[in-house]
Amino acid sequence: MIEPYDDAYFMKKALQEAEAAYAKDEIPIGAVIVSNNQIIARAHNLTETLNDVTAHAEMQAITAAANFLGGKYLKKCTLYVTIEPCQMCAGALFWSQISTIVYGARDEQRGCISLNTKLHPKTVLKGGVLKEEASNLLKQFFIEKRNLN
C-alpha cells in the first residue's frame, strides 16, 4: 500500500505551479487536485496568457480534474491552492462538490472567507498550509511589478 502524502507535500506541488505562473509573468497562484492520494490535475493562473479573467488556477484545475474523472463532480477530491480562493473560484468549487479545499495564504481583500462566500455544505476548508511560502511568492511578484513601473 502507498503511504498517504501529507498536506505539505501536495501544497509544495501547488507552489511549483505558482512558480510556473511567475515564470510566465502571471500572478503566481498554483493548484493541484488530488484523488486517492494521486494528483489528477495541476494548474496555475493563465489570465494574461489566455486573456481571460476566468483563467484562475482553481478554474483550470477543476476543468482538468473533471476531464480526468470523466464527470463534473469532484467528490472525494481535495484542492490544494496556494492562496485562498476568490468568490468566482469558490462558486465553481461549490458546484463541483469538491470534498476538501486546502489553501496556503489568506486573501484578506478578495478571498472567499473575507467575502463570506458559501461553499458546498459538505466541503471542508483548511488554511495556512505553507502560508509563508505562498505569501512570500505573491509579495515578491508584486514588488517586482511595482519596481518595473
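Since the structure is predicted, the reported quantities are computational estimates derived from the model, not experimental observations.

Cut-offs applied
- Residue numbers here run from 1 along each chain, matching the order of that chain's written sequence.
- Predicted model: local features are reported for residues with pLDDT of at least 70 only, side-chain atom pairs are reported and counted for 80 or more only, and whole-chain, interface and lining totals are derived from all residues.
- Excluded from the side-chain calculation are hydrogens and water; included are all heavy atoms of the structure.
- UniProt positions are given in the numbering used here, feature names are shortened, and annotations may be inferred rather than shown by experiment.
- A 1.4 Å probe that fits but cannot get out identifies a cavity on a 1 Å grid over protein atoms alone, an open set with protein on both sides within 12 Å along at least five of seven lines counts as a pocket, and a residue lines either if it has an atom within 4 Å of a point.
- Each helix is a run of H or I in the DSSP string that is no shorter than four residues. Each strand is a run of E no shorter than two, and both are numbered from the N terminus.
- Only protein chains enter the area calculation, which uses a 1.4 Å probe; residues under 20% of their type maximum are buried, those over 50% are exposed, and those in between are partly exposed.
- Note on contacts: a residue pair qualifies if any of its non-hydrogen atoms lie within 4.5 Å across the two residues.
- Pairs of N or O atoms within 3.5 Å make up the polar contacts considered here, provided that, within protein, one atom can donate a hydrogen while the other can accept it, and that residues adjacent in sequence are counted only when both atoms are side-chain atoms.
- Remark: nonpolar core denotes a set of buried residues (Ala, Val, Leu, Ile, Met, Phe, Trp, Tyr, Cys) joined through side-chain atoms within 4.5 Å.
- Grid points are joined across faces, edges and corners, and a volume is the space filled by probe spheres set on the points.
- Under the scheme applied, nonpolar residues are Ala, Val, Leu, Ile, Met, Phe, Trp, Tyr, Cys and Pro; charged residues are Asp, Glu, Lys and Arg; polar residues are all the others, including Gly.
- Each axis is a line fitted through C-alpha atoms, taken for helices only over the stretch in contact, and angles between the N-to-C directions span 0 to 180 degrees.
- Put simply, angles under 35 degrees are roughly parallel, angles over 145 are roughly antiparallel, angles from 65 to 115 are roughly perpendicular, and the rest are oblique.
- Crossing handedness is defined as follows: a turn of the near helix away from the far one that is anticlockwise and smaller than a right angle gives a left-handed crossing, while the clockwise case is right-handed.

So, the UniProt feature "binding site: Zn(2+)" (unreviewed entry) in the protein
Argument step 1. Per the UniProt entry, the sites bearing "binding site: Zn(2+)" (unreviewed entry) are His-56, Cys-86 and Cys-89 in this numbering. In terms of the greatest pairwise C-alpha distance, the residues named above, spread along 34 residues, form a tight cluster of at most 9.2 Å across. As for the largest pocket, its lining draws on His-56 and Cys-86 from among the annotated residues.
Argument step 2. Locating His-56 in the fold gives a position in the loop between helix H2 (47–50) and helix H3 (57–69).
Argument step 3. Judged by its relative accessible area of 21%, His-56 falls in the partly exposed class.
Argument step 4. Every residue in contact with His-56, bar those within four places of it in the chain, is listed here: Asn-45, Thr-47, Cys-86, Met-88 and Cys-89.
Argument step 5. Looking at His-56, its side chain comes within polar contact range of the main-chain oxygen of Val-53, at 3.3 Å.
Argument step 6. Mapped onto the elements, Cys-89 comes out in helix H4 (residues 87–96).
Argument step 7. According to the relative accessible area criterion, Cys-89 is buried, its value standing at 0%.

What to know about the nonpolar core
Argument step 1. Met-11, Ile-33, Leu-74, Leu-79, Tyr-80 and Ile-98 are the most contacted members of the largest nonpolar core, which has 37 residues in total.
Argument step 2. Residue assignment for this core shows that the elements contributing at least two residues are helix H1 (7–23), strand S1 (30–35), strand S2 (38–44), H3, strand S3 (77–83), H4, strand S4 (100–105) and helix H5 (131–148).
Argument step 3. The greatest single-element share of this core, amounting to five residues, is contributed by S3.

Some words on the layout of surface pockets
Argument step 1. Approximately 580 Å³ is the volume attributed to the largest pocket.
Argument step 2. Taken together, 22 residues line the largest pocket, and the ones lying closest to its centre are Ile-29, Ile-83, Asp-107, Arg-110 and Leu-138.
Argument step 3. Here the lining of the largest pocket takes four residues from H5, the largest share from any one element.
Argument step 4. For the lining of the largest pocket, the residue count by class is ten nonpolar, five polar and seven charged.

What about the packing of H3 against H4?
For any two helices packed against each other, one specifies the inter-axial angle together with the distance between the axes.
Argument step 1. H4 packs onto H3 with a crossing angle of 20 degrees between their chain directions and a minimal axis gap of 9 Å. As far as their axial angle goes, H4 and H3 are roughly parallel. Relative to H4, H3 is oriented so that their crossing is left-handed. Contact residues: Glu-58, Met-59 and Ile-62 in H3; Met-88, Cys-89, Ala-92 and Leu-93 in H4.
Argument step 2. Considered class by class, the residues forming the contact of H3 with H4 number six nonpolar, no polar and one charged.

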